[in-house]
Amino acid sequence: MQFNSAETMKAGAGLFSALALFLLMGAVITQRPRPKKPTRRPVPTKKPSVPKLAVPAQPEPQEPTDFPPPILGPPSVFPDCPRECLCTPDYPNSLNCENRNIRAIPVIPPRTHYLYLQNNYISEVTAEPFINATEVRWINLANNRIHRIDKKVFEKIPALLYLYVHRNHLKEVPSGLPASLEQLRLAKNRISKIPAGAFSKMGNLTLLDLYHNQLSDSDLGKNTFKDLKSLMQLNLAHNVLKKMPDGVPSGLIQLFLDRNRIDDIPKDYFRGFTHLAFVRLNYNQLSDKGVPKAVFNISSLLDLQLAHNQLASVPLFNGHLEHLHLNHNSIESINGTLICPYSLQADLSDHSLLPRLRYLRLDGNHLSPPIPLDVIMCFRHLHSIVI
């Protein structure tokens, strides 16, 4: 094929013109001025401040502000069973309402002998729920918010044997307690008052627990415990007593007075006790001056606890004592000849006549090993000595 030279030159001129136009347009584009970045951020214009209206301070809410919802039990075969309780055919005389978040005691069925209401939010106990519950023998109301118990409650349940109201907000011992009662537990309340006659005619009571309250000497009169002829255990530990309580029944077996402020024991305080076996006076302010020489020389005493006091010497005790706690006092020496209930020169070949002390705790004093030989020679039944 042959090409015309004139046409070739014309086509080359056209291509050159197109290339020149393209380069000219690129130059125009690259030379377009770019906007400059601002060196500072623009300052926003402030809105005019509007004065806030004063809001009155709201009182702090009293805790707890909210209670969890009551827990309803499954349908029961007993038509009289409250929905917030459990009634099982295996225990037809029991009404189980513990841990149900209830605020008030439901109506108690007449068949109920055992009533469990512990661990709820009950604030008071009124007579209405007990109108037909005359057969109730056992009530557990522990760990609620109870600050009041209507004395008419006990008129409805005259055969009550056990009443547990520990861990509540009571400020005084309930009135009108039934004469049938055998155990009364009122520990960890705020009790600072025992009304006159609160325990009158309660000759069946065997256990009275007033541990961890706010009772002082003035709250315990000479006649407070007078009618408690059957009392076996009295717990007055963790109160604010400075003296040994008066009028304690002579048939008592256990007397607990730990964590008070007692600094003196009358010389003949324990005279007349016929069955007293356990005495606890730990964490008081007893010194040798406040402990008469032979005050603990009681033939019935088996366990004596005097830890965390201010004693400088070992008090005398009877040969029947088995456990003696004297730890954390100010004792510097121990003389087995002085504290031995029998003469070391006596013929004690009959081991039944030997002192019965088996456990002696002396740590936390100013003593150093070894144990004196006369202590070992006297107390031959000793199994454990802590020093």
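Reference entry: report on the structure contained in this document. (Residues numbered from 1 in each chain as written. Predicted model: local features only at pLDDT ≥ 70, side-chain atom pairs only at ≥ 80, totals over all residues. Heavy atoms only, no water.)

**Some details on the packing of aromatic side chains**
How two aromatic rings sit relative to each other is set out by the distance from centre to centre and by the angle between their planes. In this structure the tally under the stated criterion is 9 aromatic pairs. Both rings, one in Phe 270 and one in Phe 296, keep their centres 5.8 Å apart while their planes meet at 40°; by these two values the pair is tilted. With Phe 270 in the loop between strand E10 (254-256) and strand E11 (278-280) and Phe 296 in the loop between E11 and strand E12 (303-305), this pair connects stretches of sequence that are 26 residues apart. Each member of the pair, Phe 270 together with Phe 296, is buried. The structure contains a cluster of three or more aromatic residues connected by ring pairs, namely Tyr 114, Trp 138, Tyr 162 and Tyr 164. Arg 259 extends its terminal NZ or CZ atom over the ring of Tyr 283, reaching a point 3.9 Å from the ring centre. Its guanidinium or amino end placed over the ring of Phe 256, Arg 280 lies 3.9 Å from that ring's centre, counting from NZ or CZ. (Phe/Tyr/Trp six-rings, centres within 6.5 Å; stacked < 30°, edge-to-face > 60°. Helix = DSSP H or I, 4+ residues; strand = E, 2+ residues; numbered from the N terminus. Buried < 20%, exposed > 50% of the residue type's maximum accessible area, 1.4 Å probe, protein only. Lys NZ or Arg CZ within 6 Å of the ring centre and 35° of its normal.)

**What to know about the side chain of Asn 329**
Take Asn 329: it is sitting in the loop between strand E13 (323-325) and helix H3 (336-339). Within the local environment of Asn 329, its side chain forms a polar contact with the backbone nitrogen of Leu 311, the two atoms lying 2.9 Å apart. Excluding residues that lie within four positions of it along the chain, Asn 329 makes contacts with Leu 306, Ala 307, His 308, Asn 309, Gln 310, Leu 311, Gly 364 and Asn 365. (Polar contact = N/O pair within 3.5 Å; in protein donor to acceptor, adjacent residues only side chain to side chain. Contact = heavy atoms within 4.5 Å.)

**Some thoughts on the state of the cysteines**
This model, assessed by the stated rule, comprises 3 disulfides. Cys 340 shares a disulfide with Cys 378; S-S distance 2.0 Å. With the S-S bond torsion at 85°, the cross-link from Cys 340 to Cys 378 turns out right-handed. A residue pair is termed long-range when its members are at least 10 positions apart, and Cys 340 in the loop between H3 and strand E14 (359-361) and Cys 378 in helix H4 (residues 373-378) qualify at 38 residues. A relative accessible area of 11% places Cys 340 in the buried class. Cysteine pairing in the chain follows 1-3, 2-4, 5-6, where each cysteine in a disulfide is numbered by its order in the sequence. (Disulfide = S-S within 2.5 Å.)

**Some thoughts on the pattern of salt bridges**
Summed over the entire model, instances satisfying the criterion amount to 8 salt bridges. Glu 322 is the salt-bridge partner of Arg 358, the closest N and O atoms lying 3.2 Å from each other. Pair noted here: Arg 358 is in the loop between H3 and E14 and Glu 322 is in the loop between E12 and E13, with a separation of 36 residues, a long-range link. Look at Arg 358 and you get partly exposed, because its relative accessible area is 32%. What makes Glu 322 partly exposed here is its relative accessible area of 21%. Several salt bridges share partner residues, and in doing so they unite Glu 124, Arg 148 and Asp 150 into one network. (Salt bridge = Lys/Arg side-chain N within 4 Å of Asp/Glu carboxyl O.)

**Concerning the nonpolar core**
Residues Phe 130, Phe 199, Leu 208, Phe 270 and Leu 281 are the most contacted members of the largest nonpolar core, which totals 88 residues. Contributing elements (two or more residues each) for this core: helix H2 (153-156) and H4. Among all residues touching Leu 281, those that are not within four sequence positions of it are Met 244, Leu 257, Asp 258, Ile 262, Ile 265, Leu 286, Phe 296, Gln 305, Leu 306, Ala 307 and Asn 309. (Core = buried A, V, L, I, M, F, W, Y, C linked by side-chain atoms within 4.5 Å.)

**Remarks on the environment of Ile 376**
Looking at the element boundaries, Ile 376 is found in helix H4. Owing to a relative accessible area of 38%, Ile 376 belongs among the partly exposed residues under this scheme. Separated by 40 residues in sequence, Ile 376 and Gly 336 place their C-alpha atoms 7.8 Å apart. Apart from the residues lying within four places of it in its own chain, the contact partners of Ile 376 are Ile 371 and Ile 385.

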